[in-house]
Amino acid sequence: MKWGGACAIIRAMRTAQEQQEGFLPLQTTTRLLALAPWSGLFLLYLPVFFQLYRAWRIDPYYSHGILIPPVALLLFYLERQKLAGQSFAPPSGPPWWLGSSLFVYLLGAWADFRFLMYLSFPLSVAGMIHYLYGRETLRAMAFPLGFLLFMVPIPYTIPLAIGFPLQTFSAKYASALVGLTGIPTWREGVNLFIPGFHFIVERGCSGLSSILALLALAVLFTYFLPAASWPQRIFLWFSAFPIALVANVARISAVILLGHFFGPVAAQGFYENFSGLVIFGLAFLMLYFSAWWLGCLRKES
């Protein structure tokens, strides 16, 4: 089928939708036609979704990744509500954006470079929206599409390169913080010692996972701050880096203090079961305070 004929079908589908003043048509046939390309895209990426799920489960830096798709779906729904009753203008030419995204997917599959395969999914969704609904709809969906990028694990060479410096940083300042309490503390690399207790700041404790998760939370948080200007939003995004590092140092310090006062068993139990929630709660409070300090919490006038 030529591109002109395909676009004519798409325009007919869009016309039926506009008559119903909604994003989805009410007639069953039209609904199935509208869902067909999305179903094809989902089936194409089904193996990638399984790989992503496995990566989220075993990658210590991306355990938050499993939460990104459902949150992004909610964001798509919220933005979709704003488009109800609006007309759509699909482009008349070939789907270059979608085709390029699928090429990235095929290139990643050929080279066995999963990062490209993962990255191609948000790009393909963007290309599909652009081809089916037009540029204005794509612009309206820019934030949910951008948020989907947080589900993509970064190439492992990056954590390997910056993980150990972050481990050393966290161990150094946690040792200094505990030392302020008067407890004898000494450090050898990423090993922290106090009388009767030894703690190793492993790569899962480097703070990188906290940085990545808090950055995603900061971006989502600013979405619900309509009074915030773009410079304020960007400031809050970048504040996730030092906030996550400070919270991680506090986490390690708390584990060492628990080991000193209550023994290694209590410290290990806190580290494995509660420290993640505590650090994230503390980090979000600091992020919330930063937004308040910037004046982003006032209601939009």
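Residues numbered from 1 in each chain as written. Predicted model: local features only at pLDDT ≥ 70, side-chain atom pairs only at ≥ 80, totals over all residues. Heavy atoms only, no water.

**Student:** What should I look at first to understand the overall build of the protein in this one?
**Tutor:** For the protein, the helix and strand inventory stands at 12 helices and 3 strands. Contacts spanning at least 24 positions in sequence make up 73% of the contacts within the protein whose residues lie at least 6 apart. With the model as given, the accessible surface of the protein reaches about 16300 Å², and the carbon-plus-sulfur share is 70%. (Helix = DSSP H or I, 4+ residues; strand = E, 2+ residues; numbered from the N terminus. Contact = heavy atoms within 4.5 Å. Areas by Shrake-Rupley, 256 points an atom, 1.4 Å probe, with all protein chains shown as cover.)

**Student:** So what exactly am I meant to see when it comes to helix H8 (residues 157-179) here?
**Tutor:** An α-helical segment advances 3.6 residues per turn. Residues three or four places apart therefore align on the same side. Taking 1.5 Å as the rise per residue, H8 with 23 residues should run 33 Å; its terminal C-alpha atoms sit 34 Å apart, in good agreement. At Gly163, H8 shows its largest kink, close to 35°, and the proline Pro165 lies no more than four residues downstream. Buried within H8 are the following residues: Pro159, Gly163, Leu166, Gln167, Ser170, Ala171, Ala174, Ser175 and Val178. Residues of H8 that are buried sit in contact with strand S1 (186-188), strand S2 (191-194), helix H9 (208-223) and helix H10 (230-262). (Expected span 1.5 Å × (residues − 1). Bend = angle between axes of the 7 residues up to and from the residue. Buried < 20%, exposed > 50% of the residue type's maximum accessible area, 1.4 Å probe, protein only.)

**Student:** Please clarify how helix H3 (residues 68-82) should be interpreted in this entry.
**Tutor:** With 15 residues, H3 should cover 21 Å at 1.5 Å per step; its first-to-last C-alpha distance of 22 Å lies within 8% of that length. Residues of H3 that are buried include every one of Ile68, Ala72, Leu75, Phe76 and Glu79, and no others. For H3, the angular spread of buried residues about the axis comes to 105°, placing them on one side. (Arc of directions from axis to C-beta.)

**Student:** Would you mind showing me how to read the pattern of salt bridges here?
**Tutor:** Two side chains bearing opposite charge may form a pair once their charged atoms approach each other closely. Applying the stated criterion across every chain, the model contains 1 salt bridge. With its nearest N and O atoms 2.9 Å apart, the salt bridge here joins Arg139 to Glu136. A residue pair is termed a helical-turn pair when its members lie 3 or 4 positions apart in one helix, as Arg139 and Glu136 do in helix H6 (residues 135-140) at 3 residues. Judged by its relative accessible area of 53%, Glu136 is exposed. (Salt bridge = Lys/Arg side-chain N within 4 Å of Asp/Glu carboxyl O.)

**Student:** Is there a simple way to think about the pairing of S2 in this case?
**Tutor:** Sheet faces and side chains relate simply in a regular strand, where the side chains alternate between the two faces. In terms of strand pairing, S1 meets S2 through 3 bridges, oriented antiparallel. Of the residues in S2, the one forming a bridge with Arg187 is Leu192. Connecting S1 to the next strand, S2, in antiparallel fashion are 2 residues, including Gly189 with a positive phi near 65°. Pairing analysis gives 4 bridges linking S2 to strand S3 (residues 197-200), with the strands arranged antiparallel. (Pairing = 2+ DSSP bridges.)

**Student:** Teacher, can you tell me more about the sheet that holds S3 here?
**Tutor:** Two strands in a sheet stick together by hydrogen bonds in their backbones, pointing the same way (parallel) or opposite ways (antiparallel). With antiparallel pairing, the 3 strands of this open sheet are ordered in space as S1-S2-S3. Each edge of the open sheet is held by one strand with a lone partner, namely S1 and S3. Taken pair by pair, the neighbouring strands of this sheet meet at an average axis angle of 20°, ignoring direction. Set on the sheet, H10 makes contact with S2 and S3; between it and S3 the angle comes to about 160°. (Axes fitted to C-alpha atoms, helices over the stretch in contact; angles between N-to-C directions.)

**Student:** Got a minute to help me understand the packing of H10 against helix H12 (residues 275-294) in this structure?
**Tutor:** The relative placement of two packed helices is expressed as an angle between their axes plus a distance between the axes. The contact between H10 and H12 brings their axes to 9 Å, and the two run at 145°. Two packed elements cross with a definite hand, and for H10 against H12 that hand is right-handed. Here H10 contributes Gln232, Phe235, Leu236, Ser239, Ile243, Val246, Ala247, Asn248, Ala250 and Arg251 to the contact with H12, which in turn contributes Ser275, Ile279, Leu282, Ala283, Met286, Leu287, Ser290, Ala291, Trp293 and Leu294. For the contact of H10 with H12, a count of residues per class yields 14 nonpolar, 5 polar and 1 charged. (Left-handed = near helix turned anticlockwise from the far one by under 90°. Nonpolar A, V, L, I, M, F, W, Y, C, P; charged D, E, K, R; others polar.)

**Student:** Can you help me understand the environment of Phe221 in this one?
**Tutor:** With respect to the element layout, Phe221 can be found in helix H9. The spacing of Phe221 and Phe284 is 63 residues in sequence and 9.6 Å in space, taken between C-alpha atoms. Once you skip the residues sitting within four places of it in the chain, Phe221 turns out to touch Phe284, Leu287, Tyr288, Ala291 and Leu297.

**Student:** Explanation requested: the nonpolar core in the structure shown.
**Tutor:** What tends to happen in soluble globular proteins is that the nonpolar side chains get buried as a cluster. Ranked by internal contacts, the top residues of the largest apolar core, which has 58 residues, are Ile129, Leu145, Phe147 and Met151. Taken together, the elements giving at least two residues each to this core come down to helix H2 (28-58), H3, helix H4 (96-111), helix H5 (114-133), helix H7 (142-148), H9, H10 and H12. The element contributing the most residues to this core is H9, with 11 residues. Residues within four places of Leu145 in sequence aside, it is in contact with Phe76, Pro122, Val125, Ala126, Ile129 and Leu138. (Core = buried A, V, L, I, M, F, W, Y, C linked by side-chain atoms within 4.5 Å.)

**Student:** Help me out: how do you make sense of a nonpolar patch on the surface in this one?
**Tutor:** There is a patch of nonpolar side chains on the surface, built from Trp230, Ile234, Phe238 and Phe241 and spanning about 450 Å² of accessible area. Here Ile234 is to be found in helix H10. On the basis of relative accessible area, Ile234 is assigned to the partly exposed category, the value being 36%. (Patch = residues over 30% accessible without salt bridge, like charges linked within 9 Å, V, L, I, M, F, W, Y side chains within 5 Å.)

**Student:** Is there a simple way to think about the confidence of the model for the protein in this case?
**Tutor:** Caution applies to low-pLDDT regions: their predicted coordinates should not be interpreted in detail. Residues of the protein with pLDDT of at least 70 account for 84%, and the chain-wide mean is 82. Taking the mean pLDDT of every element in the protein, the minimum, 48, falls on helix H1 (residues 3-20) and the maximum, 93, on H7. Confidence over residues 1-6 falls short of pLDDT 50; this stretch has 6 contacts with residues more than four positions distant or in other chains. (pLDDT = per-residue confidence, 0-100.)

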